[in-house]
Amino acid sequence: MDAKAIREQFPILHQEVNGHPLVYLDSSATSQKPQSVIDAVNDYYREDNSNVHRGVHTLGSRATEKYEGARDKVRSFINAKSTAEIIFTRGTTTSINTVAYSYARANLQAGDEIVITPMEHHSNIIPWQQAAKATGAVLKYIPLEADGTIRLEAARETITPNTRVVAVSHVSNVLGTVNPVKELAAIAHEHGAVMLVDGAQGAPHMRVDVEELDCDFYCFSGHKMCGPTGIGVLYGKRDLLEEMEPVEFGGEMIDFVNLYDSTWKELPWKFEGGTPIIAGAIGLGAAIDFLQEVGLDAITEHEKELAAYAMEQVRMIDGIDIYGPEERAALVTFNITDVHPHDLATVLDAEGIAVRAGHHCCQPLMKWLDVTATARASFYLYNTKEDVDRLVDGLVKTKEYFGDVF
Amino acid sequence: MSFNNLDTLYRQVIMDHYKTPRNRGTLEGNTLTVDMNNPTCGDRIQLQLQVTDGKVEDAKFDGEGCSISMASASMMTQAIKGKPVEEALEMSEGFSHMMLGEEVDEEALGFDDIVALQGVSKFPARIKCATLAWKAMEKGVKEE
């Protein structure tokens, strides 16, 4: 894979920030967009914009074709059986909330258990806290190993016959841990529980095959995988989705509407109340085309190399603490002794380097790590070893700078 | 931007307050206690005020955060100690204006060291760090 050639396709990366060429190391928060995605959204608005599924006129048909075409691209991207299993949402958060509202509230009762982990993003914690409160179910956590991984034995001890839902991130957005979601799904199923995978940090970076993982729900966001913001996906097994009630009611999702009662459209549309996110879905379709052209395996391989190089280089800096396991996705979360991550991020920004500082929407994990905040550099297919070198230079300068001012 | 610009942000006096904070700790006895955090970044502050007859007799803070938030808390407690609550609130308003890059009468407001934080206004992402302690103070005296 030629990261430099790929880079050329991302217009935003070719700019100076604070007098330095931009080094974008915040793709775990949101990825940048290639020209093809920008064009797809632009072309839709310039040429095809119309509401979908009301296709008497030509534009309506074209918009519908593109929108539903994007759904099929998503289906093939994660190897789902049918487009009935692909629901477009606003993003991972909405996808998880849909399951927590519709599935969990209907199927959980007092004494049932929901099992998650301390490394979850807030969006895979709070919906379950709320569902537990609403149903009387108990929220349980699989304890983490010291290096921030999940031991299957610990999962087996936590997941019991009372467990109804297991919800775990595919990849931790802080630790970079790649979780054994396939094995966890098998344990969940042994006990009759359903398995939801928060794939926000998984789908953009690795080949996802929902058939092989055998998860019941897989949630991800378009904007972290070169697509637009405001579009995401909820994959669910058809029999589960069939049973579930919609969460939003209104236009688009109905079959017949009577004065006092209504019926829903079939899957997947019963979950897509209101005019859908048409441009977003089309942009996501273009992003999938782009990623598949590069090849998901090639992306994973490139990121693995970058992660290993970044770990090796960053580790050489004195007074640096790195969090998470050795084997990891393409991100490095760290702290430098005596320099608060905000200050670090501000100094790096002055060098044109964009990193994230804060709690990364993982306050329980910050408590587990016993820190209030961390800095994180996250990589994607357009990042290069030179970007890692710039980061390391920036970190050395940060240390010097704060050493001087102290 | 070069490191010279950074110096506008991290002036010596700020680093001094960060490294050697004034009024860091807890107050004994009957005090107003306010806990506040910056939910976007995780900075948190506990501010304790002892207010008697409309006057801030004593102030102490504790917490965790970046150099800007902690230095600002240190400077604020130093500045409001011994001041009538009304004056402290005026200072807070003046500080907000300063963070927006507006001209303020630093002398009349009694800003002293606080003036060093003026440079923060050029770093929009960091303004919330600087105002955290002031927001906590406002919340405390208004709740009283």
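Calculation notes
The written sequence of each chain sets the order in which its residues are numbered from 1. Chains and ligands are labelled sequentially in the order written, the chains with letters from A and the ligands with numbers from 1. Given that the model is predicted, a residue must reach a pLDDT of at least 70 before its local features are reported, and side-chain atom pairs must reach 80 or more before they are shown or counted; all residues, however, enter totals for whole chains, interfaces and linings. Side-chain numbers come from the whole structure's heavy atoms, not from hydrogens or water. Here, a strand pair is defined by DSSP locating no fewer than two bridges between the strands. A run of H or I in DSSP counts as a helix once it spans at least four residues, and a run of E counts as a strand once it spans at least two, with each numbered from the N terminus. Simply put, an axis is a line fit to the C-alpha atoms, just over the touching stretch for a helix, and the angle between two N-to-C directions goes from 0 to 180 degrees. In what follows, residue pairs with any heavy atoms lying within 4.5 Å of each other are defined as contacts. Marked domain ranges trace back to an automatic or database domain assignment. Salt bridges are counted wherever a side-chain nitrogen of Lys or Arg sits within 4 Å of a carboxyl oxygen of Asp or Glu. We call two N or O atoms a polar contact when they sit within 3.5 Å, provided that within protein one can donate a hydrogen and the other can accept it, with sequence-adjacent residues counted only if both atoms are side-chain atoms. Confidence scores labelled pLDDT are given residue by residue by the predictor and lie between 0 and 100. Partly exposed describes any residue whose relative accessible area lies between the buried limit of under 20% and the exposed limit of over 50%, with all areas from a 1.4 Å probe on protein chains only and scaled to the type maximum. Ring pairs are drawn from Phe, Tyr and Trp, using the six-membered ring of Trp, whenever the two centres fall within 6.5 Å, and their geometry is named by plane angle: stacked under 30 degrees, edge-to-face over 60, tilted for the rest. In this scheme, a crossing is called left-handed if the near helix is turned counterclockwise away from the far one by less than a right angle; it is called right-handed if the turn is clockwise. Gly counts as polar in this scheme, as do all residues outside two lists: the nonpolar Ala, Val, Leu, Ile, Met, Phe, Trp, Tyr, Cys and Pro, and the charged Asp, Glu, Lys and Arg. The span one expects for a helix is its residue count, reduced by one, times 1.5 Å. Buried area adds together the accessible area that both of two parts lose upon being put together, with accessible area traced by a 1.4 Å probe. Candidate patch residues must exceed 30% relative accessible area and have no salt bridge, after which like charges are joined if within 9 Å and Val, Leu, Ile, Met, Phe, Trp or Tyr side chains if within 5 Å. For the area figures, the Shrake-Rupley method with a 1.4 Å probe applies, and any residue is considered shielded solely by the protein chains shown. Positive charges are assigned to Lys and Arg, negative charges to Asp and Glu, while His and the chain termini are left out of the count. Positions of charges follow a simple convention, taking NZ of Lys, CZ of Arg, CG of Asp or CD of Glu. Residues belong to a common nonpolar core when they are buried Ala, Val, Leu, Ile, Met, Phe, Trp, Tyr or Cys residues joined through side-chain atoms within 4.5 Å.

### Notes on the sheet that holds strand 3 (residues 55-64) of chain B
Residues and elements named next belong to chain B.
Point 1. Taken in spatial order, the 3 strands of this open sheet run 1-2-3, and their pairing is antiparallel. Of all strands in the sheet, those with a lone pairing partner are strand 1 (32-37) and strand 3, marking the two edges. Here the strands of the sheet are splayed against their neighbours by 20° on average, with no regard to which way each runs.
Point 2. With 9 bridges connecting them, strand 2 (residues 44-52) and strand 3 associate as antiparallel partners. Within strand 3, the residue paired with Gln 48 across the bridge is Lys 60.
Point 3. Lying over the sheet, helix 6 (residues 127-143) contacts strand 1 and strand 2, oriented at roughly 140° with respect to strand 1.

### A word on the domain arrangement of chain A
Residue and element names in this part refer to chain A.
Point 1. Domain boundaries in chain A define domain 1 (37-293) and domain 2 (295-405).
Point 2. One C-alpha centre belongs to domain 1, the other to domain 2; they are set 29 Å apart.
Point 3. Contact residues are listed per partner, giving 33 residues for domain 1 and 27 residues for domain 2.
Point 4. On inspection of domain 1 and its partner domain 2, the count reaches 1 salt bridge.
Point 5. Measuring nitrogen to oxygen at the nearest pair gives 3.2 Å for the salt bridge that ties Arg 207 to Asp 297.
Point 6. Our count for the domain 1 to domain 2 interface comes out at 13 residue pairs in polar contact (both at pLDDT 80 or more).
Point 7. Ranked by residue count, the leading element in the side of domain 1 that touches domain 2 is helix 10 (residues 278-294), at 4 residues.

### Considerations on the confidence of the model for chain B
Point 1. In this model, chain B carries a mean pLDDT of 91, and residues with pLDDT of at least 70 account for 97%.
Point 2. Across the assembled chains, the prediction reports ipTM 0.81 with pTM 0.93.

### Some words on the pairing of strand 9 (residues 217-221) of chain A
Look at any regular strand and the pattern is simple: side chains alternate between the two faces of the sheet.
All names here are of chain A.
Point 1. Of all 5 residues that make up strand 9, 5 are buried, and the element is covered over most of its length.
Point 2. On strand 9, burial covers both faces: Phe 217, Cys 219 and Ser 221 on one face and Tyr 218 and Phe 220 on the other are all buried.
Point 3. Taken together, the 3 bridges between strand 8 (residues 194-198) and strand 9 define a ladder with parallel strand orientation. For Asp 198, the partnering residue across the bridge sits in strand 9 and is Cys 219.
Point 4. Inspection of the sheet shows strand 9 paired to strand 10 (residues 232-236) by 5 bridges, in the antiparallel sense. Within strand 10, the position partnered with Cys 219 by the bridge is Leu 234.

### Let's talk about the environment of A:Ile150
Residues and elements named next belong to chain A.
Point 1. Among the structural elements, Ile 150 can be located in the loop between strand 6 (138-141) and helix 6 (152-158).
Point 2. Since its relative accessible area comes to 10%, Ile 150 is described here as buried.
Point 3. It is 8.5 Å that separates the C-alpha atoms of Ile 150 and Thr 117, two residues lying 33 residues apart in sequence.
Point 4. Contact partners of Ile 150, with chain neighbours within four places excluded, come to Thr 117, Met 119, Ile 142, Leu 144, Val 168, Asn 179, Pro 180 and Leu 184.

### Structural notes on the pairing of strand 2 of chain B
All names here are of chain B.
Point 1. The sheet contact formed by strand 1 and strand 2 spans 6 bridges and is antiparallel. Its bridge partner lying in strand 2, Met 36 is registered against Ile 45.
Point 2. In this antiparallel pair of consecutive strands, strand 2 and strand 3, the connection spans 2 residues, and Asp 53 shows a positive phi of 50°.

### Focus: the sheet that holds strand 17 (residues 374-378) of chain A
Residue and element names in this part refer to chain A.
Point 1. The antiparallel open sheet is built from 4 strands, whose spatial order is 13-14-17-16. In this open sheet, the two strands that pair with only one neighbour each are strand 13 (320-323) and strand 16 (356-358). Across the sheet, the axes of successive neighbouring strands diverge by a mean angle of 30°, strand direction being ignored.
Point 2. Bridging between strand 14 (residues 331-336) and strand 17 involves 4 bridges; their strand directions are antiparallel. For Thr 333, the partnering residue across the bridge sits in strand 17 and is Arg 376.

### Details of the packing of aromatic side chains
Any aromatic ring pair is given by two values, namely how distant the centres are and how the planes are angled relative to each other.
Point 1. Within the structure shown, the criterion is met by 14 aromatic pairs over all chains.
Point 2. With a centroid separation of 5.2 Å and an interplanar angle of 25°, the aromatic rings of B:Phe95 and B:Trp134 are classed as stacked. Of this pair, B:Phe95 sits in helix 4 (residues 85-99) while B:Trp134 is found in helix 6, placing the two residues 39 residues apart along the sequence.
Point 3. Here B:Phe95 falls in the buried class, since its relative accessible area comes to 0%.
Point 4. By relative accessible area, B:Trp134 is classed as buried at 2%.
Point 5. Connected via pairs of aromatic rings, a cluster forms that spans A:Phe10, A:Phe290, A:Tyr380 and A:Tyr382.

### Considering the packing of helix 2 (residues 35-48) of chain A against helix 10 of chain A
All names here are of chain A.
Point 1. Running from N to C, helix 2 and helix 10 cross one another at 145°; their axes reach a closest spacing of 8 Å. Handedness of the crossing formed by helix 2 with helix 10: right-handed. Here Ser 36, Val 37, Ala 40, Val 41, Tyr 44 and Tyr 45 of helix 2 come into contact with helix 10, specifically with Ile 278, Ala 279, Ile 282, Gly 283, Ala 286, Ala 287 and Phe 290.
Point 2. In terms of residue class, the contact of helix 2 with helix 10 is made up of 11 nonpolar, 2 polar and no charged.

### Comments concerning helix 4 of chain B
All names here are of chain B.
Point 1. The terminal C-alpha atoms of helix 4 lie 21 Å apart, and with 15 residues this matches the ideal 21 Å at 1.5 Å per residue to within 8%.
Point 2. Among the residues of helix 4, those classed as buried are Val 85, Ala 88, Met 91, Ser 92, Gly 94, Phe 95, Met 98 and Met 99.
Point 3. For helix 4, the elements touching its buried residues are strand 2, strand 3, helix 3 (67-80), helix 5 (106-109) and helix 6.
Point 4. Directly beyond the C-terminal end of helix 4, a positive phi value near 80° is found at Gly 101.

### Quick notes on the interface of chain A and chain B
Point 1. Opposite the 21 residues of chain A that make contact, chain B presents 23 residues.
Point 2. When chain A packs against chain B, close to 1,900 Å² is buried across both sides, 59% of that on carbon and sulfur atoms.
Point 3. One salt bridge connects A:Asp343 with B:Arg126, and the closest N-O pair in it is separated by 2.8 Å.
Point 4. Our count for the chain A to chain B interface comes out at 9 residue pairs in polar contact (both at pLDDT 80 or more).

### Observations concerning a negative patch on the surface
Residues and elements named next belong to chain B.
Point 1. Together, Glu 86, Glu 87, Glu 90 and Glu 93 make up a region of like negative charge exposed at the surface.
Point 2. Note on placement: Glu 87 falls in helix 4.
Point 3. Glu 87 sits in the partly exposed class, given a relative accessible area of 35%.

### A look at the nonpolar core
Point 1. If you look at the biggest cluster of nonpolar residues, it comprises 78 residues, and the most contacted ones within it are A:Leu395, B:Leu49, B:Ile68 and B:Ile80.
Point 2. Residue contacts for B:Leu49: discarding those within four places in its chain leaves B:Leu27, B:Thr31, B:Leu32, B:Val56, B:Asp58, B:Ala59, B:Ile80, B:Met137 and B:Val141.

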